[in-house]
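Each chain is listed here by its residues.
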Amino acid sequence: MNAQLDRLKQEQYRLQQKQLKYIKENKLEFYDPYDFQVEFHNDPDPRKALEAGNQIGKTMGTCAEDAFDLTGLYPEWWEGLKYDRPIHLVCGGVNNDKTRDLLQKGLFGDPVIWEEALGTGFVPKKCIGKISKKRGVSDAFLHVKVKHFTQGIFDGWSTVSFQSYESGKAAWMGDTIDVFHLDEEPPMDILEQAGRGCIASGGRIRCSYTPENGQTEVVRKIKAEWSLHKAGWPDVAGEDFEFEVEGEIIPFRTVYTMNGRKGHLTQQKVVDASKNFAPYQMKMRVKGIPVLGSGLVFEYAEETIKVAPLEGGIPDNWPRIGAVDFGGISKKSHPSAVVYIAYDEDNDVAYIYDCIRLYSAEIADVAARMLARPDWIPVMWPHDGNKEVPGGSTVALEYQKYGVNMFWTHFTNPPDENQPEGKGGIKIEPGIIAMSNRIKDRRLRVYNTLPEWFEEYRQYHVLDGKIVDRDDDLMAATRIGIQSLRHAIKASDIEDYEFEEFDEDLPDAETGY
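Let me sum up the structure you'll find in this document. Owing to the predicted nature of the structure, the values given are computational and were not obtained by experimental measurement.

1. Re the overall build of the protein
Looking only at helices and strands, one finds 14 helices and 19 strands in the protein. Here the C-alpha coordinates of the protein stretch approximately 80 × 70 × 45 Å along the principal axes. Going through the 513 residues of the protein one by one, you find that 51% of them count as buried. The contacts of the protein with a sequence gap of at least 6 include a subset with a gap of at least 24, amounting to 67%. Approximately 25,000 Å² of the protein is accessible, and the part contributed by carbon and sulfur atoms is 49%. Each charge class in the protein was averaged separately, 61 positive and 83 negative side chains, and the resulting centres sit 6 Å apart.

What follows is the structure, encoded as structure tokens:
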């Protein structure tokens, strides 16, 4: 009896595993779209775009449509254009890595373990044919043959080719391209090349993007000439709640997919996700609309961060860090700006207790002001400190020669987990987000004795989604300092601290690597 029961359980387990394997390798059959995705799929317009917020499934939906066109395995609800023959589809994103990690993954499975995962994307495993890989890009596909069926009958092989915007418009040229899939906003020359590539074939272009660059020429062209669809976080809400963005209350009401599944964004997920974006970008991230007009970078009152100098001074056990934003000597140049930060590690609170701002000042003059502060404090500096000055030295080295304790290499953001130091890059946005989160959580304090710092804070603003690079020098130095708290040291560390010479093989000034 027990042996018979064991055989029954084993057979049940075998059937369950077989079913799970089928679901895993036939993802397209179980595609369960939201309403906004269905509307996009069913739009027959040869030029269509989805302007959407982050994390709502815009790339997933367009990859599903790619798979339907490549295989011909359209669902019963499909009302859009159908191909009754094999096609050539070209898809791509910003760079080769993004194309591999988003589009290739969406169509064929995780590229990191691609042999094991092949068939777990939207293209069914049974339909995948010959694969050609890219040279010089780890685990990246160049061309893949895909079985196409018309009314369930195999009628030939479709081809999907993977390209990237960074490869230039020549890489997007082809004689008979039926579909171009542009993931995120492309440069104008790529968009125009895709348009030319469709003329001979009567092909189509689809593009999904979040308008991170504001109202660009490409965005304006798409709005004027294409069939434009829009979607935001409320279109994938999994519960009822309200969320405030720049003073606007945005209602979220539970939505359901075609098969009755609740939306995937909960209130907690929205709150958590908002911490990863700068305040001035939230409306674009949430609603998927370009940022227009001007507004403050930080919409928090000064009183949120303004404090009187600490009684008794800064505790000796608080690490300190300095940060400089280099200026020029001409009257039209940006001023040189320096901030000094003390870090209360126990409470994770950063105190800006001192700053310097000098206009049209020589390096010697700025260095002299800096040397009036404790000379053991390490000073972080941006990548333009690697620029040469007359005599063959660099800006950063000149400060060091005057006795300023310049950090051994230029500033980089904190690296991601499992990445080595120096791989965090030099992008501005991570620092803006870090500052914003600290201000919001009252983990950034600024002494009320620094009027020039608050002057910049009050006028630090964006125009059409971009930070205005004017009168922002102390803000830039603050961003560098906040992102460098991991390098702060205490006065008591000096005896054991080894001052390093500048590395001659400095990271690339553009990428920070």
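2. Notes on empty space enclosed by the protein
Under the counting rule described, the total for this entry stands at 4 cavities of 30 Å³ or more. By volume, the largest cavity is sized at about 50 Å³. Tyr340, Met370, Leu371, Pro374, Asp375, Ile377, Val379, Val404 and Asn405 are the residues that line the largest cavity. The residue inventory of the lining of the largest cavity, partitioned by class, reads 7 nonpolar, 1 polar and 1 charged.

3. What about the packing of helix 12 (residues 429-440) against helix 14 (residues 473-482)?
Between helix 12 and helix 14, the least distance of the axes is 9 Å, while the angle of their chain directions is 85 degrees. Here helix 12 is positioned roughly perpendicular relative to helix 14, judged by the angle of their axes. For the pair helix 12 and helix 14, contact is made by Gly431, Ile432, Ala434, Met435 and Arg438 and by Met475, Thr478, Arg479 and Ile482, respectively. The residue inventory of the contact of helix 12 with helix 14, partitioned by class, reads 5 nonpolar, 2 polar and 2 charged.

4. Focus: the sheet that holds strand 17 (residues 444-447)
Either a parallel or an antiparallel arrangement is found when strands of a sheet pair, and the pairing is made through backbone hydrogen bonds. Overall, mixed pairing links the 6 strands, which are arranged 12-17-15-14-13-16 in an open sheet. Lying at the two open borders of the sheet, with one neighbouring strand each, are strand 12 (306-307) and strand 16 (379-380). Direction of pairing for strand 13 (residues 320-325) relative to strand 14 (residues 336-344): antiparallel, over a ladder of 6 bridges. When the sheet's bridge partners are listed, Ile321 is paired in strand 14 with Ile341.

5. Quick word on the nonpolar core
By size, the foremost hydrophobic cluster in this structure holds 66 residues, and its most contacted members are Val339, Met370, Tyr399, Met406 and Trp453. The biggest single contributor to this core is strand 15 (residues 349-358), with 8 residues.

6. A short note on a nonpolar patch on the surface
A cluster of nonpolar side chains, contributed by Leu20, Tyr22, Ile23 and Phe30, occupies part of the molecular surface with about 370 Å² of accessible area. Its place among the elements puts Ile23 in helix 1 (residues 2-25).

7. Notes on the sheet that holds strand 7 (residues 204-209)
Overall, mixed pairing links the 8 strands, which are arranged 3-4-5-2-6-7-1-8 in an open sheet. Edge positions in the sheet fall to strand 3 (128-133) and strand 8 (227-231), since each of these pairs with one other strand and no more. Pairs of neighbouring strands in the sheet enclose a mean axial angle of 15 degrees, with direction left out of account. Bridge analysis of strand 3 against strand 4 (residues 141-150) gives 4 bridges, and the strand direction is antiparallel.

8. Considerations on the pattern of salt bridges
With the rule as written, the count across this model stands at 28 salt bridges. Between Glu51 and Lys230 there is a salt bridge, with the nearest N and O atoms lying 3.6 Å from each other. Here Glu51, found in strand 1 (residues 47-52), pairs with Lys230, found in strand 8; they are 179 residues apart in sequence, far enough to count as distant. On the basis of relative accessible area, Lys230 is assigned to the partly exposed category, the value being 46%. In this structure, Glu456 engages Arg357 in a salt bridge whose closest nitrogen and oxygen atoms are separated by 3.2 Å. Taken as a pair, Glu456 in helix 13 (residues 451-459) and Arg357 in strand 15 lie far apart in primary sequence, 99 residues in all. The burial state of Glu456 is the same as that of Arg357; both residues are buried. Within this structure, Lys48, Glu65, Asp66, Asp69, Arg204 and Arg206 form a network of salt bridges that share partners.

9. Focus: the packing of helix 13 against helix 14
Two elements in contact, helix 13 and helix 14, have axes separated by 8 Å at closest approach and are oriented at 95 degrees. One element, helix 13, and the other, helix 14, form an angle in the roughly perpendicular class. Where helix 13 abuts helix 14, its residues Glu452, Trp453, Glu456 and Tyr457 lie against Asp473, Leu474, Met475 and Thr478. Residue composition of the contact of helix 13 with helix 14, grouped by class: 4 nonpolar, 1 polar and 3 charged.

10. Some remarks on the side chain of Thr59
Tracing the chain through its elements places Thr59 in helix 3 (residues 58-71). Sequence-distant contacts of Thr59, defined by excluding residues within four places in its chain, comprise Leu102, Leu103, Asp183 and Ser208.

11. A closer look at the environment of Gly322
Assignment of secondary structure puts Gly322 in strand 13. As a C-alpha pair, Gly322 and Tyr340 span 18 residues in sequence and 4.4 Å in three-dimensional space. If near-sequence neighbours (up to four positions away) are discounted, Gly322 is found in contact with Val339, Tyr340, Ile377, Pro378, Val379 and Met380.

12. Focus on the pairing of strand 8
Burial of the side chains of strand 8 is restricted to one face: Ser227, His229 and Ala231 are buried, whereas none of Leu228 and Lys230 on the reverse face is. Summarising the sheet, strand 1 and strand 8 pair through 5 bridges and their orientation is parallel. Bridging from a neighbouring strand, Ala49 pairs with Leu228 of strand 8.

Cut-offs used in this document
Residues numbered from 1 in each chain as written. Predicted model: local features only at pLDDT ≥ 70, side-chain atom pairs only at ≥ 80, totals over all residues. Heavy atoms only, no water. Helix = DSSP H or I, 4+ residues; strand = E, 2+ residues; numbered from the N terminus. Buried < 20%, exposed > 50% of the residue type's maximum accessible area, 1.4 Å probe, protein only. Contact = heavy atoms within 4.5 Å. Areas by Shrake-Rupley, 256 points an atom, 1.4 Å probe, with all protein chains shown as cover. Lys, Arg positive; Asp, Glu negative; His and termini not counted. Charge placed at Lys NZ, Arg CZ, Asp CG, Glu CD. 1 Å grid on protein atoms, 1.4 Å probe; cavity = no way out; pocket = protein on both sides within 12 Å on 5 of 7 lines; lining within 4 Å. Points joined across faces, edges and corners; volume = space filled by probe spheres on them. Nonpolar A, V, L, I, M, F, W, Y, C, P; charged D, E, K, R; others polar. Axes fitted to C-alpha atoms, helices over the stretch in contact; angles between N-to-C directions. Parallel < 35°, antiparallel > 145°, perpendicular 65-115°, else oblique. Pairing = 2+ DSSP bridges. Core = buried A, V, L, I, M, F, W, Y, C linked by side-chain atoms within 4.5 Å. Patch = residues over 30% accessible without salt bridge, like charges linked within 9 Å, V, L, I, M, F, W, Y side chains within 5 Å. Salt bridge = Lys/Arg side-chain N within 4 Å of Asp/Glu carboxyl O.

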